[in-house]
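Listed here are the chains, written in short residue letters.
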Amino acid sequence: MPGKMDIEMGWPLATSLSGSGRISAGVLPAGRYATVLYTGDYSGLMEANRVLVDWAKEQGVAWDRWDVENGDAFRSRYETYIRDPGNEPDAAKWETEVAMKLADS
C-alpha cells in the first residue's frame, strides 16, 4: 500500500477512560462485519485483507466506506491479534482476525 494512512490503535478495556490531546476514547461501531481468520506470521496479512475484499466483490457486499482525497476511508476495519508473539513463540501459529464493517442495508 503506497502512500500515507490514518490509523487508530485500540485496546479492549473493562471501563471507559477519557483521553487528552492525541489520545481519545472510542468504541467500535455496532453493525454487521465480515471477517477472515488468518494463521501465520504478519507478512501474510495483506493477502488476508485481499481475500476479504475479493469475497465481498464476488458476493456483491458493500463496505461501510467513503471516498477521501487520498483513497478511501472505512467506518471500521480492524485486526485482532488472537494468538501473537506475546502468547505463542511459533509465528506459524499466530492467528489474526481481519474484520470490516458492512454497509447498513
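This text goes with the structure placed above it.
Residues numbered from 1 in each chain as written. Predicted model: local features only at pLDDT ≥ 70, side-chain atom pairs only at ≥ 80, totals over all residues. Heavy atoms only, no water.

Quick look at the sheet that holds strand β1 (residues 33-39)
The strands that make up a sheet pair up through hydrogen bonds in the backbone, lying either parallel or antiparallel. Taken together, 3 strands build an open sheet; the order of strands is β1-β5-β4 and the sheet is antiparallel. The two strands at the open ends of the sheet, each matched to only one other strand, are β1 and β4 (77-83). Strand-to-strand, the axes of this sheet are offset by a mean angle of 20 degrees, without reference to chain direction. Direction of pairing for β4 relative to strand β5 (residues 95-101): antiparallel, over a ladder of 6 bridges. Bridge pairing links Arg 77 to Met 100 in β5. (Pairing = 2+ DSSP bridges. Helix = DSSP H or I, 4+ residues; strand = E, 2+ residues; numbered from the N terminus. Axes fitted to C-alpha atoms, helices over the stretch in contact; angles between N-to-C directions.)

Points about helix α1 (residues 45-59)
Here α1 is 15 residues long and its end C-alpha atoms lie 21 Å apart, about the 21 Å a rise of 1.5 Å per residue gives. Turning to α1, its buried residues are Leu 45, Ala 48, Asn 49, Leu 52 and Ala 56. Seen end-on, α1 carries its buried residues on one side only, within an arc spanning 100 degrees. Exposed residues on α1 whose side chains face more than 90 degrees from its buried face are Lys 57 and Glu 58. Contacts made by the buried residues of α1 are with β1, β4 and β5. (Expected span 1.5 Å × (residues − 1). Buried < 20%, exposed > 50% of the residue type's maximum accessible area, 1.4 Å probe, protein only. Arc of directions from axis to C-beta. Contact = heavy atoms within 4.5 Å.)

Some details on the nonpolar core
Core analysis: the biggest nonpolar cluster contains 12 residues, these being Ala 34, Val 36, Tyr 38, Leu 45, Ala 48, Leu 52, Ala 56, Trp 63, Phe 74, Val 98, Met 100 and Leu 102. Of all the secondary structure elements, the ones that give two or more residues to this core are β1, α1 and β5. For this core, the element with the most residues is α1, which contributes 4 residues. Among residues more than four places away in sequence, those in contact with Tyr 38 are Gly 44, Leu 45, Ala 48, Trp 94, Glu 95 and Thr 96. (Core = buried A, V, L, I, M, F, W, Y, C linked by side-chain atoms within 4.5 Å.)

Don't take any of this as a statement about function, it's just geometry.
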